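What follows is the residue order along each chain.
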Amino acid sequence: MIALEVHNLHKTYKQRKKLIEAVRGVSLNINSGEILAFLGPNGAGKTTCIKMIAGLIKPDAGSVKIAGSDPHRNPRSLRLVGAVLEGNRNLYWRLTPEENLEYFGTLRGLNRRVAHKNGLQLLERFDLISKRRAPVQTLSRGMQQKLAIAVALVHTPRLLLLDEPTLGLDVEASQNVKTLVREIAREGCAILLTTHQLDVAEEISDRVAIIQQGKILAEESTREIIRRFSGSTYIIEIAGELDSVQTSKLESLGVIIQADRIIYEGTSEGLYQVLAVLNPLPLIQVKQQADLTQVFLKIVRDNRNA
Ligand SMILES: Nc1ncnc2c1ncn2[C@@H]1O[C@H](COP(=O)(O)OP(=O)(O)OP(=O)(O)O)[C@@H](O)[C@H]1O
């Protein structure tokens, strides 16, 4: 089921007689249960799109539908959206997590009892129950980030808008948030993720859309776009030394042997032959050449030079 349909959005800002075409014909869909990473360099138009999706600014042209309903025509459909857009600024710092959840839940149309119940469930699930009565300002950044997501979910939205959910978090807190985001998607919520942390986007998104100068340059499954840009080159990192028999067999398979890694270009069947020669040396990793950062840079630079 399609949770978000964005069709041909346009937005031009006027700044002291100057026109800035921030968004120029953006179309996107996100299905329930899917995470779309919405990526682009600074000033590409991401925030402007998200603000139009969240009903905060009106498009000049085009349409937004959330579970089939246009928030600019029917503001009630915004109840189907949850958003964490500017860090954890959707929280009241002097209130406790319990109070924040209840307050925002009622604001989004839940009765107080349901808001309280949903809030407690989320606090349990996000491992924040022991902090439920502590003022938000005394929570760690990772806890505040989790709470910000919990608050955005208290009314069980169909679409979650998530901006930089792991920025500034330590490795463990970041891992925690990524796992939660994947779980939320698995339960059926559609997620529009914006981030400049491309490793996070690569790890948790199902699809990516890359925007530059207000236009979508690429929209594809994350795995597919990386595969397409990687071609057929694999990097294999191993521990331990190759013996002379292994070295000559690998050379006959056309492999390039470097200090701590082996580069193989060919089919995936050929890759298995290479791995068989390496057996039983411990493999540290086998990866295709590109990662999402390389893909992103290539698409954006090619477009800039076009
Ligand atoms: N309120 C505004 N008035 C005038 N111009 C604006 C306004 N908001 C954004 N812009 C301009 O619109 C363009 C797109 O900005 P936007 O904030 O949507 O980009 P972004 O992709 O979110 O960037 P970033 O990654 O830096 O947050 C930029 O040129 C920006 O300067």
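Residues numbered from 1 in each chain as written. Predicted model: local features only at pLDDT ≥ 70, side-chain atom pairs only at ≥ 80, totals over all residues.

Helix and strand counts for the protein stand at 10 helices and 13 strands. If one aligns the C-alpha atoms of the protein with their principal axes, the spans along those axes are about 70 × 50 × 35 Å. Taken over 306 residues, the protein has a buried fraction of 37%. In the protein, the share of contacts with a sequence separation of at least 24, taken over all contacts with a separation of at least 6, comes to 69%. (Helix = DSSP H or I, 4+ residues; strand = E, 2+ residues; numbered from the N terminus. Buried ≥ 20, exposed ≤ 12 C-beta atoms within 10 Å, placed from the backbone. Contact = placed C-beta atoms within 7 Å.)

What follows deals with the domain arrangement of the protein. According to the domain assignment, the protein contains domain 1 (2-226) and domain 2 (232-289). Each of domain 1 and domain 2 was reduced to a C-alpha centroid, and the two centroids are 42 Å apart. (Domains from an automatic or database assignment.)

Right, let's talk about the sheet that holds strand 12 (residues 261-265) for a bit. Taken in spatial order, the 4 strands make up an open sheet running 11-12-10-13, and their pairing is antiparallel. Among the strands making up the open sheet, the edge pair consists of strand 11 (256-257) and strand 13 (283-288). Taken together, the 5 bridges between strand 10 (residues 233-238) and strand 12 define a ladder with antiparallel strand orientation. Bridge pairing in strand 12 links Ile-236 to Ile-262. (Pairing = 2+ DSSP bridges.)

Below, the discussion takes up the site of the ligand. The local shell around the ligand consists of Tyr-13, Gln-15, Ile-20, Ala-22, Gly-40, Asn-42, Gly-43, Ala-44, Gly-45, Lys-46, Thr-47 and Thr-48. Every element with two or more residues in the shell around the ligand is listed here: strand 1 (2-15), strand 2 (18-31) and helix 1 (46-53). With 3 residues, helix 1 is the largest single contributor of residues to the shell around the ligand. Per-class residue counts for the shell around the ligand are 4 nonpolar, 7 polar and 1 charged. (Near = placed C-beta within 6 Å. Nonpolar A, V, L, I, M, F, W, Y, C, P; charged D, E, K, R; others polar.)

So, about the packing of helix 7 (residues 222-230) against helix 10 (residues 292-305). Two elements in contact, helix 7 and helix 10, have axes whose closest approach is 9 Å; the angle formed by their N-to-C orientations is 75 degrees. On the basis of the axis angle, helix 7 is roughly perpendicular to helix 10. Residues Thr-222, Ile-225, Ile-226 and Phe-229 of helix 7 touch helix 10, and the partners they reach there are Leu-292, Gln-294, Val-295 and Lys-298. (Axes fitted to C-alpha atoms, helices over the stretch in contact; angles between N-to-C directions. Parallel < 35°, antiparallel > 145°, perpendicular 65-115°, else oblique.)

Across the sheet, which stays open at both edges, the 3 strands sit in the order 2-1-4 with antiparallel pairing between neighbours. The open sheet has two edge strands, strand 2 and strand 4 (61-66), and neither has a second partner. Across the sheet, the mean angle separating the axes of adjacent strands is 20 degrees when strand polarity is ignored. In terms of strand pairing, strand 1 meets strand 4 through 5 bridges, oriented antiparallel. Directly across from Val-6, in strand 4, lies its bridge partner Val-64.

On to the nonpolar core. Leu-4, Ala-150, Leu-159, Ile-191 and Leu-192 are the most contacted members of the largest nonpolar core, which has 73 residues in total. At 8 residues, the largest contribution of residues to this core is made by helix 4 (residues 141-153). Excluding residues that lie within four positions of it along the chain, Leu-159 makes contacts with Ala-3, Leu-4, Ile-66, Leu-80, Val-81, Ala-190 and Leu-192. If you look at the next biggest cluster of nonpolar residues, it comprises 6 residues, including Ile-236, Leu-250, Ile-262 and Tyr-264. (Core = buried A, V, L, I, M, F, W, Y, C linked by C-beta atoms within 7 Å.)

All right, on to unusual backbone geometry then. Of note, the amide linkage connecting Asn-279 to Pro-280 takes the cis form, showing an omega dihedral of 15 degrees. Note that Pro-280 resides in the loop between helix 9 (268-278) and strand 13. The backbone of Ala-67 shows a phi angle near 45 degrees, a positive value even though the residue is not glycine. Tracing the sequence through the fold places Ala-67 in the loop between strand 4 and strand 5 (81-84).

Before going further, it helps to examine the environment of Ala-150. Mapped onto the secondary structure, Ala-150 falls in helix 4. Since 25 C-beta atoms lie within 10 Å of it, Ala-150 is described here as buried. Here the alpha-carbon distance between Ala-150 and Lys-11, two residues 139 residues apart in the chain, equals 31 Å. Excluding residues that lie within four positions of it along the chain, Ala-150 makes contacts with Leu-101, Leu-122, Leu-123 and Phe-126.

Before going further, it helps to spend a moment on the packing of helix 2 (residues 97-107) against helix 3 (residues 112-125). The geometry of helix 2 relative to helix 3 is characterised by a closest axis approach of 8 Å and an angle of 135 degrees between their N-to-C directions. Taken together, the axis directions place helix 2 and helix 3 in an arrangement best described as oblique. Of the two possible hands of crossing, helix 2 and helix 3 adopt the one that is right-handed. Residues Pro-97, Glu-98, Leu-101, Glu-102, Gly-105 and Thr-106 of helix 2 pack against Arg-112, Ala-115, His-116, Asn-118, Gly-119, Leu-122 and Leu-123 of helix 3. For the contact of helix 2 with helix 3, the residue count by class is 5 nonpolar, 5 polar and 3 charged. (Left-handed = near helix turned anticlockwise from the far one by under 90°.)

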